[in-house]
Amino acid sequence: MTNAADGRPHWRRSFKTRLMVLVSLAVVLPALFTCLILGIQLNRQARNLFANGLAANLETFALVLEDVERNVSDSLFRMASDNTLQAALDAANQAQLKAYVDGQREALGIAFIAVYNADYRNVAFSGAEKDAVIGQWRFAAKGEGSGGDCMVVAEEAEQAEQLVRCNDTVYRVWQVQIFRTVGQGQGSQLLGYVVGGSRVANTGLIGELLSRRIIHPLIWADGELVYSNIAFPQSTGPASLDGVAHEYDVDQTAYLGVAKALRVESHKLAYGVVAPLAPLRETLLRSLLTVAGVGLFVVAVTLIAISLRATRLLRPIEQLRLGAARIGGGDLSQRISIKSGDEFEALADQFNDMTSRLEGSYSDLEKKVEDRTRQLEVASQHKSQFLANMSHELRTPLNAIIGYSEILQEDVTDLGQQNLIPDLKKIESAGRHLLGLINNILDLSKIEAGKMDVFIEPVDIQPLIKEVLSIVKPLAEKSGNAIEVICPDDIGSFRSDQIKVKQCLLNLMSNANKFTSKGTLTLAAAREDNGGVCFRVSDTGVGMTEEQLGRLFQAFSQADVSTTKRFGGTGLGLAITKHFCALLGGDVTVESTPDVGSTFIIKLPDQAAAPAAAAESPAPTPADGRPTVLVVDDDPAVRSLLAKSLEKEGYRIISAGNGVEALALAREHRPQAITLDVLMPQMDGWDALKELKADSALRDVPVIMVTVLNERGMAIPLGASDFVTKPVDRQRLTAILRNYCTNPSGASILVVEDDLPTRETLCRSLASMGYTAHAAVNGRDGLAWLSKHPRPSLILLDLMMPEMDGFEFLRELRKQSAFVNVPVIVVTAKELTAEDIRVLNGQTEKIITKDHTYLAELAAAVRGSLAHQSARAEERVAG
Amino acid sequence: MTRILLVEDNEMNRDMLSRRLIRNGFEVTIAVDGQQGVDMAIAERPDLILMDMSLPVIDGWEATRRVKANDRTRDIPVIALTAHAMAGDREKAMEVGCEDYDTKPVEITRLLGKIAALLKPGAG
């Protein structure tokens with residue numbers, strides 16, 4: 001029920017969605033921005049911290065280096081002043097010296113210790129690579145010059161230090177002079193030198209560094225890498241020696257490192273510390289991810305909270321929308337209940353107030369319209385009655401005037417008083433003229449009241465023209481006009497209203513005669529390309545100007561007020577002619593030139609009442625023989641509900657969601673019935689109904705309106721066959737449908753009719769109703785058909801036919817036991833006598849006279865007859 | 001001689017039509033209202049009835065219905081004469097059982113044609 005009043009929301013994005021998007025942007029964008037800034041800051045700070053750590057490590061490195069240096073140089077000093085060494089040197093006791101330095105080297109843990117005498121001769125050596133050491137170190141120029149094999153770093157200095165390379169190993173070498181103090185004031189005596197060398201990257205140093213958590217130390221000597229425990233590139237020197245952190249690429253891994261240097265004589269000993277950045281970055285990334293995760297969680301929670309809140313906030317708007325939709329759909333009893341206590345409640349109250357007032361004025365209006373309509377109906381009835389009475393009252397005395405003047409003419413002829421005849425003729429002629437005028441006024445009134453009957457029958461054109469001429473000729477002779485007729489011999493006949501066509505032609509001819517004297521009147525008839533008939537009435541009279549032409553076909557208007565005085569007449573003839581032509585599906589036009597003449601052209605169709613559906617193809621028969629019902633509702637739930645219940649009843653269902661779709665489907669499938677919802681988007685039910693009824697191919701399809709309100713008053717006049725109210729009572733709907741949809745597979749109908757156009761029209765309209773139509777051209781043909789085919793459900797029978805007419809056919813039909821009960825509907829143009837009716841009564845279901853509305857009557861009769869049959873069949877089954 | 005019953009209340013019309021019918025060789029009896037028309041139809045069983053529709057006592061529609069309801073008079077052809085030219089008069093006339101229909105003022109030649117058609121033996 002609410003679905004119908006609901007109407008489908010067809011906005012593109014809901015307000016709620018837009019609100020959510022807005023909030024999401026407001027939350028997410030700042031969060032993203034914050035994360036970005038935070039990430040950059042964090043990265044920078046972490047890097048600084050890391051660099052600071054490295055700098056501290058470097059400081060430690062420096063201290064360790066200093067410790068090593070101090071340790072070695074202190075030990076060498078101690079040795080130099082040791083009496084044991086001095087005594088052994090004095091004695092030149094090599095064995096004793098050797099034992100001494102071996103012991104000292106072992107205690108110190110350095111690479112080598114060498115002792116030289118004052119002549120620079122090596123007297124003792126302990127450690128590896130003695131030859132290399134002794135042989136290569138030629139840096140002490142003096143010693144070399146004196147032919148000694150000693151190395152002296154600095155001859156005068158008490159102590160000296162040097163960095164030397166030997167066999168790819170870099171050593172740090174210290175030299176200390178050996179002095180002995182000789183008595184008081186005699187100074188001292190140089191005994192020799194003791195030299196100690198230590199590998200720059202010795203295991204003691206590295207171990208010490210490791211123990212102080214310096215994992216990746218680097219040592220360079222003169223810019224060349226001496227020690228690294230990672231794959232630090234040999235060629236890469238320290239980026240700077242000022243302790244500032246730099247990034248290094250080690251085997252495609254990023255390291256951060258710091259370095260400093262200390263000078264050893266002319267050499268530079270650089271030391272550095274590096275550490276991989278990867279752990280730092282991982283840590284950093286993990287922190288950022290954590291922050292982002294928390295952020296997302298917060299955003300999600302916020303959105304959910306807002307979503308819940310928004311739904312509650314928007315509920316009044318949704319309520320208002322639904323209420324407005326129902327009220328818009330015509331349910332003015334709707335009230336909206338919102339108790340939110342805010343602006344929405346106030347809005348709902350105002351809305352309800354408005355609806356109440358609308359309801360009030362609507363019902364007032366309806367009442368007024370009803371009253372006014374009733375008044376109008378009464379007035380219209382009065383007018384019709386008045387016209388009928390006037391007609392009678394005016395015609396009765398005229399009847400007498402015309403009749404007596406005719407009788408008198410006959411009497412005076414008998415009496416031989418011929419001289420009185422012209423006067424009597426004048427009386428008769430005046431009477432007939434007056435009668436003509438009264439008839440014109442009555443005709444016009446009937447046309448305007450929509451009460452003009454149209455009686456369609458075959459009209460032979462040549463006899464019609466002869467009849468018109470026989471009436472017009474005396475008038476033309478009086479005006480001195482010649483009459484010319486152009487009418488082909490093979491022009492044949494067409495279906496129209498003979499009396500009205502004749503009246504039109506008479507109107508035009510007498511008009512032409514009235515405005516022409518001593519000229520020529522031409523009446524020409526011809527066939528159009530489309531099969532229609534064209535009559536042209538030309539004169540050589542006064543003609544008309546453009547302005548006069550404009551007013552020509554209006555009632556009570558002649559081309560010029562003055563013409564009334566000159567030519568007489570009521571000016572109704574042309575107006576009536578125009579109306580008649582329109583009634584017959586044609587038109588009248590005029591061409592005129594002042595002082596040359598006028599030509600009036602009437603164009604009429606070949607088949608005046610033939611349905612426009614003639615050009616349409618017959619309805620496609622459903623593949624499985626079930627009657628098709630088109631269900632139109634915008635609510636899919638209602639559609640599927642109706643479809644399910646109707647399919648159970650044996651109907652084939654096609655469905656549409658709106659009026660436009662419904663029209664397309666109806667044109668394609670030609671359903672046997674349509675159920676049409678009223679409240680739909682795009683095109684509502686009433687508009688769809690109007691379109692359906694305006695389409696000649698679909699006009700006959702019964703439409704059942706499905707309405708929320710009881711709108712019979714609207715539905716039936718608009719052409720609906722029936723209506724049901726929502727919620728749909730299924731039993732009622734199926735009962736209605738059963739009336740309109742008989743199973744076409746079971747309903748074959750035999751049409752016995754000699755006239756080809758009528759036969760085709762009948763077959764077509766039966767096909768469009770979903771029945772199978774078979775045609776026979778006369779009674780004998782009909783019987784022949786019956787002998788060869790299964791019994792039809794119904795026979796449509798013409799009476800006047802060649803070879804075997806309808807009466808004889810009926811007699812023969814009822815003689816055969818198989819066909820005793822076949823219902824017959826007589827469709828005839830014959831005016832039936834009482835005898836005919838007596839004969840037909842009891843043998844036929846209904847007699848339908850072919851007039852301009854007979855097809856609608858026939859459709860109802862056929863449906864009724866077949867529905868009646870199927871009901872009887874059901875009773876038999878049930879019984 | 002063919003006997004025609006003319007049911008007509010207007011004296012002039014009655015006089016006129018009867019004189020012309022007589023001139024054309026018919027024997028004419030007259031009734032001046034619907035009731036009298038029905039009574040005379042039953043009593044005299046004419047060959048044809050010309051029935052005006054606007055009649056006093058009972059109107060032509062009802063009179064025709066009664067004529068057609070009576071077994072004695074059912075087969076007598078009735079031509080309805082009416083000054084009413086409103087929509088549905090023709091259908092109404094056929095409905096009450098008239099064999100034919102003509103409008104007043106009477107066009108004597110047309111009426112004679114219709115009478116002749118209905119009296120032709122075996123017509124229908």
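Residues numbered from 1 in each chain as written. Chains lettered and ligands numbered in written order. Predicted model: local features only at pLDDT ≥ 70, side-chain atom pairs only at ≥ 80, totals over all residues. Heavy atoms only, no water.

With that settled, the discussion passes to the overall build of chain A. A tally of regular secondary structure across chain A gives 25 helices and 27 strands. Residues classed as buried in chain A amount to 44% of the 879 residues present. Contacts spanning at least 24 positions in sequence make up 63% of the contacts within chain A whose residues lie at least 6 apart. For chain A, the exposed area adds up to about 44,700 Å²; of that, 54% sits on carbon and sulfur atoms. (Helix = DSSP H or I, 4+ residues; strand = E, 2+ residues; numbered from the N terminus. Buried < 20%, exposed > 50% of the residue type's maximum accessible area, 1.4 Å probe, protein only. Contact = heavy atoms within 4.5 Å. Areas by Shrake-Rupley, 256 points an atom, 1.4 Å probe, with all protein chains shown as cover.)

A tally of helices and strands in chain B yields five helices and five strands. Scanning chain B from its N terminus toward the C terminus, one meets helices and strands in the order β-α-β-α-β-α-β-α-β-α. By residue count, 52% of the 124 residues in chain B fall in the buried class. Accessible surface computed for chain B: about 5,300 Å², of which carbon and sulfur atoms make up 49%.

All names here are of chain B. Here R45, not a glycine, exhibits a phi torsion of approximately 45°, which is positive. Within the fold, R45 resides in the loop between α2 (34-44) and β3 (48-52). In this structure, V57 takes a positive phi of about 65° despite not being glycine. Residue position: V57 is located in the loop between β3 and α3 (60-69). For V57, a relative accessible area of 65% corresponds to the exposed category.

Let us now look at helix α23 (residues 806-815) of chain A. Residue and element names in this part refer to chain A. Of the positions making up α23, those classed as buried are G806, F807, F809, L810, L813 and R814. The arc that holds the buried residues of α23, viewed along the axis, is 160°, so those residues lie on one side. Of the surrounding elements, those touching the buried residues of α23 are β23 (748-752), α22 (779-788), β25 (794-797), β26 (824-828) and α24 (834-840). One side-chain oxygen at the N-terminal end of α23 lies 3.2 Å from the backbone nitrogen of F807; it belongs to D805. (Arc of directions from axis to C-beta. Polar contact = N/O pair within 3.5 Å; in protein donor to acceptor, adjacent residues only side chain to side chain.)

Time to look at the confidence of the model for chain A. All names here are of chain A. Of the residues in chain A, 87% have a pLDDT of 70 or more, and the chain-wide mean is 80. The least confident element of chain A, judged by mean pLDDT, is helix α6 (residues 141-145) at 39; the most confident is strand β15 (residues 533-538) at 93. This model gives residues 1-7 a pLDDT under 50, and the stretch forms 17 contacts once residues within four places in sequence are excluded. pLDDT under 50 marks residues 610-623. Its contacts with residues more than four places away, or in other chains, come to 23 contacts. (pLDDT = per-residue confidence, 0-100.)

Residues and elements named next belong to chain A. Ordered by their spatial adjacency, five strands build an open sheet running β7-β6-β10-β9-β8, and the pairing between neighbours is antiparallel. Single-partner strands in this sheet number two, and they are β7 (224-228) and β8 (246-250). Sheet twist, expressed as the average angle between the axes of neighbouring strands with direction ignored, equals 35°. Both strand β6 (residues 217-221) and β7 contribute to a ladder of four bridges, which runs antiparallel. Counted as the bridge partner of I219 is Y227 from β7. (Pairing = 2+ DSSP bridges. Axes fitted to C-alpha atoms, helices over the stretch in contact; angles between N-to-C directions.)

A word on the confidence of the model for chain B. Mean pLDDT for chain B: 87, with 92% of residues reaching 70 or above. Interface predicted TM-score (ipTM) for the complex: 0.73; the corresponding pTM is 0.37.

Two side chains of opposite charge can pair, provided their charged atoms sit close to one another. Under the defined criterion, the tally for this structure stands at 39 salt bridges over all chains. A salt bridge links E208(A) to R212(A), with the nearest nitrogen and oxygen atoms 2.8 Å apart. Note on E208(A): relative accessible area 32%, which makes it partly exposed. D102(B) is paired through a salt bridge with R110(B); the nearest N and O atoms lie 2.8 Å apart. With a relative accessible area of 2%, D102(B) lands in the buried category. Look at the salt bridges and you will find they share partners, linking E406(A), E410(A), D411(A), D414(A), E428(A), R432(A), D15(B), R19(B), R20(B), R23(B) and E107(B) into a network. (Salt bridge = Lys/Arg side-chain N within 4 Å of Asp/Glu carboxyl O.)

In this section: the pairing of strand β16 (residues 587-593) of chain A. Residues and elements named next belong to chain A. Judged by which residues are buried, β16 turns out to be one-sided: V588, V590 and S592 face inward and are buried, whereas D587, T589, E591 and T593, on the alternate face, are not. With seven bridges connecting them, β16 and strand β17 (residues 597-604) associate as antiparallel partners. What sits directly across from S592, in β17, is S598. Adjacent in sequence and paired antiparallel, β16 and β17 are bridged by three residues, among which D595 carries a positive phi angle near 65°.

On to the sheet that holds β25(A). Residues and elements named next belong to chain A. Spatially, the five strands line up as an open sheet ordered β24-β23-β25-β26-β27, and their pairing is parallel. A strand with exactly one partner marks an edge of an open sheet, and here the two such strands are β24 (772-776) and β27 (846-849). In this sheet, adjacent strand axes meet at a mean angle of 20° when their direction is disregarded. Pairing of β25 with β26 involves three bridges; the strand directions are parallel. Looking at β26, one finds that I795 is bridged to V824.

Our next topic: the side chain of R814(A). Residue and element names in this part refer to chain A. Within the secondary structure, R814 sits in helix α23. No salt bridge is formed by the buried R814; its nearest oppositely charged neighbour, E845, is found at 7.8 Å. Reaching out from R814, the side chain makes a polar contact with the backbone oxygen of Q843 at a distance of 2.5 Å. (Lys, Arg positive; Asp, Glu negative; His and termini not counted.)

Attention shifts here to the packing of aromatic side chains. All names here are of chain A. This structure, assessed with the given rule, holds six aromatic pairs over all chains. Ring plane angle 65° and centroid distance 5.8 Å describe the contact between F112 and Y171, whose orientation is recorded as edge-to-face. Of the two residues, F112 is situated in strand β1 (residues 112-117) and Y171 in strand β4 (residues 169-181); the sequence distance between them amounts to 59 residues. The pair formed by F112 and Y171 is uniform in burial state, with each residue classed as buried. Ring centres 6.0 Å apart and planes at 75° place the aromatic pair W220 and F232 in the edge-to-face group. Of this pair, W220 sits in strand β6 while F232 sits in the loop between β7 and β8, and the two are twelve residues apart along the sequence. Taking relative accessible area as the criterion, W220 reaches 1% and is therefore assigned buried. Put simply, the rings of F112, F125 and Y171 pair up and form one aromatic cluster. The cationic tip of K500 hangs over the ring face of F580; the distance from NZ or CZ to the ring centre is 5.6 Å. (Phe/Tyr/Trp six-rings, centres within 6.5 Å; stacked < 30°, edge-to-face > 60°. Lys NZ or Arg CZ within 6 Å of the ring centre and 35° of its normal.)

Looking now at the pairing of strand β10 (residues 267-276) of chain A. Residues and elements named next belong to chain A. Judged by how many residues are buried, β10 sits mostly within the fold: seven of ten residues are covered. Where β6 lies against β10, five bridges are found, and the strand directions are antiparallel. If you follow W220 over to β10, its bridge partner there is A270. Here strand β9 (residues 253-264) hands over to β10 after two residues, with E265 in that stretch at a positive phi of 50°.

Another aspect to go through is the nonpolar core. Residues and elements named next belong to chain A. Membership of the largest hydrophobic core comes to 45 residues, with the highest contact counts inside it found for I461, F535 and I602. Those elements that place two or more of their residues in this core are α10 (421-448), α11 (461-479), α12 (498-514), β14 (520-527), β15, α15 (573-583), β16 and β17. It is α11 that provides the largest number of residues to this core, a total of seven residues. Those residues in contact with F535 that lie beyond four places of it in its chain are I461, L464, I465, F494, V501, L505, A524, A525, F600, I601, I602 and L604. (Core = buried A, V, L, I, M, F, W, Y, C linked by side-chain atoms within 4.5 Å.)

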